[in-house]
Amino acid sequence: MSLTAGIVGLPNVGKSTLFNAITKSNVLAANFPFATIEPNVGIVEVRDKRLDKIVEIIKPRNVVPTTFSFTDIAGLVKGASKGEGLGNQFLSHIRDVDAICEVVRCFDNANIIHVNGKVDPIGDIEVINLELILSDLEVVEKRLPKIEKKALLKVDSDSIFEYQILKKLHEAFLQSLPARLVPLTQEEKNYIKNYQFLTMKPILYIANVGENDIVSGNQYVDAVKEYAQKEGSKVVMISAKIEEELSMLDDSDRQMFLEDLGLEESGLDKVIREAYSLLGLRTFFTAGEKECRAWTFKKGMLAPQCAGVIHSDFEKGFIRAETYSYDDLIEYGTPLKVKEAGKVRLEGKDYVVQDGDIMVFRFNV
């Protein structure tokens, strides 16, 4: 299971520079709007110190980290929902992702053009969020007339239910409120899932700062954090330029560079961690002499479903899962000592897999 996050933002805020860094692929990054026209998709490895520690202990022949998928989507501009700039094609690209990572310019640089003529991170956020809301509003306004008569005449319960949800969303959109902030029940959210509302997607704000502000931040970052806090969203501060430089280094040089900057981890690692949390994603591991591997699963998934992440046959023929925790492996030192301590559990079909579980699935097809 891979996570797909769309990188969005106004033109020239550092989206493509960041994308270059995280995928180490040299997509076009130019100092003018719409340098990125088609969405670029890149897969990156998820750095997980737990996997590194498991590898140290097990010493496998092969190591496979879990992966993260980023889509770099061209810069949105005011009026995109009405076709301005490159218009709705960008909005359709956003519709295909699971979460939105909105890059916000939080640095001053007279040599880099700002599409609106000045650095204003809150204004930038509001422009993009409004365009997403207007796109969703258009979807609702096209659908409501088609079901209104059936709903008002109470022809069937489905029409009534759908109408009530869409009316609630319609009122919110008219007040510039995104769908994710509308109080809906889980049943209502499930019912409208197929609409793929842009503003229902969880959002992470990425404050792109200059190299000199990466440790302490600045007034622009403070403003973005205040804005995000009001809507219950998270902010990660990065320097896209630093991330690009880091991507060119090997692991040892990379760590030295981070230490010289006074950082414990890269901005990209923070983005991945927060995006994981945003989507309720967790990691379990399989560990043996042949291979150690990290697998992504959705919080709340049962053991058979997680077995299915590896292979559909594992889920179909699931018998049990031999399970122990990463913490137990660190405490006891080896899988054998974990077993001798009685910490290996035999879990059945109703077991809710936990983050950091190390598992062996038994199945019969």
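Residues numbered from 1 in each chain as written. Predicted model: local features only at pLDDT ≥ 70, side-chain atom pairs only at ≥ 80, totals over all residues. Heavy atoms only, no water.

**Observations regarding the packing of aromatic side chains**
Centre distance and the angle of the planes are the two values used to describe a pair of aromatic rings. Enumeration according to the criterion identifies nine aromatic pairs in this entry. Pairing Tyr 195 with Phe 197 gives two aromatic rings, centres 5.2 Å apart and planes at 10°, and the pair type is stacked. For the pair shown, Tyr 195 and Phe 197 are each scored as buried. (Phe/Tyr/Trp six-rings, centres within 6.5 Å; stacked < 30°, edge-to-face > 60°. Buried < 20%, exposed > 50% of the residue type's maximum accessible area, 1.4 Å probe, protein only.)

**Some points on the packing of helix H4 (residues 121-152) against helix H7 (residues 219-230)**
The geometry of H4 relative to H7 is characterised by a closest axis approach of 9 Å and an angle of 40° between their N-to-C directions. If you check the angle between H4 and H7, you find them oblique. Note on element contacts: H7 touches H4 through Tyr 220, Ala 223, Val 224 and Tyr 227, opposite Pro 121, Ile 122, Ile 125, Glu 126 and Asn 129. Tallied by class, the residues present in the contact of H4 with H7 amount to seven nonpolar, one polar and one charged. (Axes fitted to C-alpha atoms, helices over the stretch in contact; angles between N-to-C directions. Helix = DSSP H or I, 4+ residues; strand = E, 2+ residues; numbered from the N terminus. Parallel < 35°, antiparallel > 145°, perpendicular 65-115°, else oblique. Contact = heavy atoms within 4.5 Å. Nonpolar A, V, L, I, M, F, W, Y, C, P; charged D, E, K, R; others polar.)

**Describing the pattern of salt bridges**
Side chains that differ in charge, positive against negative, can pair when their charged atoms come close. One pass over the structure, following the stated rule, counts 15 salt bridges. Put simply, Lys 241 and Glu 244 hold a salt bridge, and the shortest N to O gap is 3.8 Å. You can see Lys 241 and its partner Glu 244 sitting in helix H8 (residues 240-246), three residues apart, about one turn around the helix. With a closest N to O distance of 3.0 Å, Glu 322 and Arg 362 form a salt bridge. Placement of the pair is Glu 322 in strand S10 (residues 318-325) and Arg 362 in strand S12 (residues 357-363), with a sequence separation of 40 residues. Assessed through its relative accessible area of 35%, Arg 362 is described here as partly exposed. Counted as one network, the salt bridges with shared partners bring together Arg 47, Arg 254 and Asp 269. (Salt bridge = Lys/Arg side-chain N within 4 Å of Asp/Glu carboxyl O.)

**Points about helix H2 (residues 49-58)**
Turning to H2, its buried residues are Leu 51, Ile 54 and Ile 58. The arc that holds every buried residue of H2, seen down its axis, measures 60°, which confines them to one face. Contacts from the buried residues of H2 go to strand S3 (62-64), strand S8 (281-287), strand S9 (291-298), helix H13 (326-332), helix H14 (335-340) and S12. Here H2 starts with a cap whose side-chain oxygen sits 2.9 Å from the backbone nitrogen of Arg 50, and that cap is Asp 48. Immediately downstream of H2, the backbone of Lys 59 shows phi near 55°, a positive value. (Arc of directions from axis to C-beta. Polar contact = N/O pair within 3.5 Å; in protein donor to acceptor, adjacent residues only side chain to side chain.)

**Observations regarding the environment of Gly 14**
As for its position among the elements, Gly 14 is in the loop between strand S1 (3-8) and helix H1 (15-23). When the C-alpha positions of Gly 14 and Asn 208 are compared, they lie 7.0 Å apart, and in sequence the two are 194 residues distant. What Gly 14 contacts, discounting residues up to four positions off in sequence, is Val 103, Asn 208 and Ala 240.

**Regarding the layout of surface pockets**
Each pocket or cavity is described by its volume, and for the largest pocket that value is around 1100 Å³. Lining the largest pocket are 38 residues, and of these Glu 45, Val 46, Arg 47, Asp 48 and Asp 269 lie nearest its centre. Secondary structure elements with two or more residues in the lining of the largest pocket: H1, strand S2 (40-45), H2, H8, helix H9 (251-261), helix H10 (267-278) and S8. Residue composition of the lining of the largest pocket, grouped by class: 15 nonpolar, six polar and 17 charged. (1 Å grid on protein atoms, 1.4 Å probe; cavity = no way out; pocket = protein on both sides within 12 Å on 5 of 7 lines; lining within 4 Å. Points joined across faces, edges and corners; volume = space filled by probe spheres on them.)

**Concerning unusual backbone geometry**
One non-glycine residue with positive phi stands out, namely Lys 59, at about 55°. Lys 59 sits in the exposed class, given a relative accessible area of 63%. Its identity is not glycine, yet Gln 196 carries a phi of approximately 50°, on the positive side. Among the secondary structure elements, Gln 196 is positioned in the loop between helix H6 (186-191) and strand S6 (203-208).

**Considering the confidence of the model for the protein**
Confidence in the prediction of the protein, expressed as mean pLDDT, is 86, and 88% of residues score 70 or more. For the stretch residues 25-37, pLDDT sits under 50, and the model shows 37 contacts to residues farther than four places along the chain or on other chains. (pLDDT = per-residue confidence, 0-100.)

**Focus on the nonpolar core**
Residues Ile 22, Phe 68, Phe 70, Ile 94 and Cys 106 are the most contacted members of the largest nonpolar core, which totals 53 residues. Judged by nonpolar contacts, the second largest core, of 18 residues, contains Val 140, Ala 151, Ile 165 and Leu 166. (Core = buried A, V, L, I, M, F, W, Y, C linked by side-chain atoms within 4.5 Å.)

**Some points on the pairing of strand S7 (residues 234-238)**
As judged from the five bridges shared by S6 and S7, these two strands associate in the parallel manner. The residue bridging Leu 204 from the neighbouring strand is Lys 234, located in S7. With H7 bridging S6 and its parallel neighbour S7, the resulting β-α-β unit is right-handed. (Pairing = 2+ DSSP bridges. Right-handed = clockwise from strand over helix to strand, strands pointing away.)

**Remarks on the pairing of S6**
Where a strand is regular, its side chains alternate between the two sheet faces. Most of S6 sits inside the fold, with six of its six residues counted as buried. Where strand S5 (residues 99-105) lies against S6, six bridges are found, and the strand directions are parallel. Bridged to Arg 105 within S6 is Asn 208.

**Considering the side chain of Glu 274**
When you line up the elements, Glu 274 lands in helix H10. Overall, Glu 274 belongs to the buried group, its relative accessible area being 19%. The residues contacting Glu 274, other than those within four sequence positions of it, are Leu 204, Lys 234 and Val 236.

**Here's the deal with the packing of H4 against helix H5 (residues 157-174)**
Following both chains from N to C, one finds H4 and H5 inclined at 145°, their axes separated by 9 Å at the closest point. Crossing handedness for the pair H4 and H5: left-handed. The residues of H5 that touch H4, namely those facing Ile 133, Asp 136, Leu 137, Val 140, Glu 141, Arg 143, Leu 144, Ile 147, Glu 148, Lys 150, Ala 151 and Leu 152, are Ser 159, Ile 160, Glu 162, Tyr 163, Leu 166, Lys 167, His 170, Phe 173 and Leu 174. The residue inventory of the contact of H4 with H5, partitioned by class, reads 12 nonpolar, two polar and seven charged. (Left-handed = near helix turned anticlockwise from the far one by under 90°.)

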